[in-house]
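An overview of the molecular structure
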Amino acid sequence: MTALWIVLAALIAGATGSAVGYFYRKSSHEKKLGRTEEYARNLLEDAQRRAEEKKKETLLEAKEEVFRLKTELDREVRDRRAEVQRTERRLLQREETMDKKMDNLEAREENLNKKHEDLQKLTDDAQALHDRQQVELERIGQMTQDEARQVLMSRVQKDAYHDAAALVRDIESRAKEEGDKKARNIVALAIQKCASDHVAETTVSVVNLPNEDMKGRIIGREGRNIRTLETATGVDLIIDDTPEAVIVSAFDPVRREIARVALEKLIADGRIHPARIEEMVEKARKEVDNQIREAGEQAVFETNMHGIHHELVKLLGRMRYRTSYGQNVLKHSIEVSHLAGLMAAELGADITLAKRAGLLHDIGKAVDHEAEGTHVSLGGELARKYRESADVIHCILAHHNDVEPQTIEAVLVQAADAISAARPGARRESLENYIKRLEKLEEISNSFQGVEKSFAIQSGREVRIMVKPEDINDAGTLILAKEIVKRIEKEMEYPGQIKVNVIRETRATEFAK
């Protein structure tokens with residue numbers, strides 16, 4: 001029983017403790033909840049207060065910003081209004097100015113219209129007067145308008161021709177001064193560097209005899225010795241009254257040299273009969289062939305032009321016995337080679353080509369006694385046959401203007417050829433040809449209208465022409481000189497060049513008594 005009560009008491013105590021604990025926790029929770037609500041209310045009130053303050057501040061700032069913007073807008077409106085007013089004033093001023101200008105223009109237009117009417121009236125009057133004057137002039141001058149126009153045109157043409165000639169003379173004189181100066185320097189330098197020992201050489205065709213009896217021995221019994229010698233060498237022996245001399249005559253210089261050498265050997269040996277003659281001729285032929293080969297090789301060596309075909313070298317050697325106007329052709333060719341090379345070096349052209357073409361330019365003269373054609377065409381054929389370059393062949397063909405020079409080396413070979421041939425003492429010509437050339441030169445000069453007299457001077461290398469001053473003016477002298485030069489180049493053949501000097505002068509002579 002007691003235990004029951006104890007249990008019951010324990011249960012009641014537990015229930016009571018639970019109830020008390022429950023009510024205690026409930027009371028504590030309610031207190032916390034009340035504090036939380038109060039805290040929330042405080043936070044809300046504080047937030048509302050701050051929001052109100054922030055709202056007021058924002059409104060204040062917005063009002064200030066609106067005020068500021070309004071102030072700026074008012075200022076900008078005032079500025080714009082002022083600018084518009086200024087623009088309006090300028091436009092008004094411009095309108096006033098334009099109105100004034102329009103008024104002036106209208107006045108000027110009216111004035112111009114009036115002047116135009118007056119001018120038109122004057123033009124009509126002038127045209128009518130011109131027509132009357134033209135009719136009157138045609139009546140007085142007995143010449144139509146077209147005829148007068150032709151006279152005027154011819155006069156204008158003559159004046160223009162005079163002005164053009166003067167301009168050409170001025171341009172040519174300036175170009176000639178510069179060109180001549182440079183050309184003289186180049187040519188002089190080339191000649192100084194070349195410094196040939198001699199230019200002209202004559203081939204000996206007279207064999208001296210120790211005595212007059214040798215003529216009979218050369219002729220032989222019934223002329224058998226001279227016939228054998230002429231047959232073996234292909235020359236003519238002329239034995240005449242010339243004391244102690246026999247003349248060897250042949251068109252081929254090599255055959256003539258062989259005959260001369262053979263005859264000198266026979267005279268030195270003293271045994272002259274047909275068998276000995278044939279033996280000596282054969283020895284002379286071999287000796288001359290060796291001399292020809294050596295001369296050709298020496299020419300190649302002097303000019304440093306190696307690689308030339310051996311047949312061309314032999315032909316070069318043959319030119320040792322060939323002369324042109326008394327000038328040895330081989331010496332001339334070597335000199336032309338040196339001159340062309342030196343001038344090519346001065347001008348920056350192909351030195352090797354110029355020297356090679358200069359050495360071979362007269363190679364045709366080695367065979368022109370044996371073949372038909374000029375030495376120029378024959379030389380071109382030989383160079384082509386022995387495979388010389390096209391440029392060398394062109395220089396050979398162009399050195400006497402048989403073809404137009406297309407390269408500077410061809411022109412240089414022409415110039416070097418003229419320098420070598422025209423040098424004083426380089427060539428000689430017969431008196432008859434010399435006189436004919438001088439007469440032809442003066443004849444061509446005197447054939448032109450306005451020429452009073454002409455004189456060929458300096459061995460025909462210059463012609464001085466005196467013209468009538470009333471027929472030819474100063475500008476006409478230039479044209480006359482050019483026309484005479486063209487005639488001389490077309491109708492005459494001459495070594496080197498000929499200077500044409502046209503002189504116009506007016507002289508007045510009076511006598512004091």
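Our subject is the structure listed above.
A brief look at the structure comes next. Just so it is clear, the structure is predicted and the values come from calculations on it, not from any experiment.

**A short note on helix α10 (residues 375–385)**
Taken together, the buried positions of α10 are His375, Val376, Leu378, Gly379, Gly380, Leu382 and Ala383. Against the buried residues of α10 lie α7 (310–318) and α11 (390–398). Of the residues trailing α10, Arg387 is marked for its positive phi of about 60°.

**A look at empty space enclosed by the protein**
Throughout the structure, instances matching the rule amount to one cavity of 30 Å³ or more. Reported here for the largest cavity is a volume of approximately 60 Å³.

**So, the pattern of salt bridges**
This structure, assessed with the given rule, holds 23 salt bridges. Between Glu72 and Arg68 there is a salt bridge, with its nearest N and O atoms 2.8 Å apart. In this pair, Glu72 and Arg68 are both assigned in helix α1 (residues 2–141), four residues apart and thus about one turn of the helix distant. Among the residues examined, Glu72 registers a relative accessible area of 33% and is labelled partly exposed. Glu83 is paired through a salt bridge with Arg86; the nearest N and O atoms lie 2.3 Å apart. Here Arg86 and Glu83 lie together in helix α1, a separation of three residues that amounts to about one turn. Taking relative accessible area as the criterion, Glu83 reaches 34% and is therefore assigned partly exposed.

**Quick look at the environment of Leu266**
Its place among the elements puts Leu266 in helix α5 (residues 253–269). Taking relative accessible area as the criterion, Leu266 reaches 1% and is therefore assigned buried. Along the chain, Leu266 and Arg276 lie 10 residues apart, while their C-alpha atoms are 7.9 Å from each other. In contact with Leu266, not counting residues within four places along its chain, are Arg271, Ile272, Arg276, Ile277 and Met280.

How each quantity is defined
Residues numbered from 1 in each chain as written. Predicted model: local features only at pLDDT ≥ 70, side-chain atom pairs only at ≥ 80, totals over all residues. Heavy atoms only, no water. Buried < 20%, exposed > 50% of the residue type's maximum accessible area, 1.4 Å probe, protein only. Helix = DSSP H or I, 4+ residues; strand = E, 2+ residues; numbered from the N terminus. Contact = heavy atoms within 4.5 Å. 1 Å grid on protein atoms, 1.4 Å probe; cavity = no way out; pocket = protein on both sides within 12 Å on 5 of 7 lines; lining within 4 Å. Points joined across faces, edges and corners; volume = space filled by probe spheres on them. Salt bridge = Lys/Arg side-chain N within 4 Å of Asp/Glu carboxyl O.

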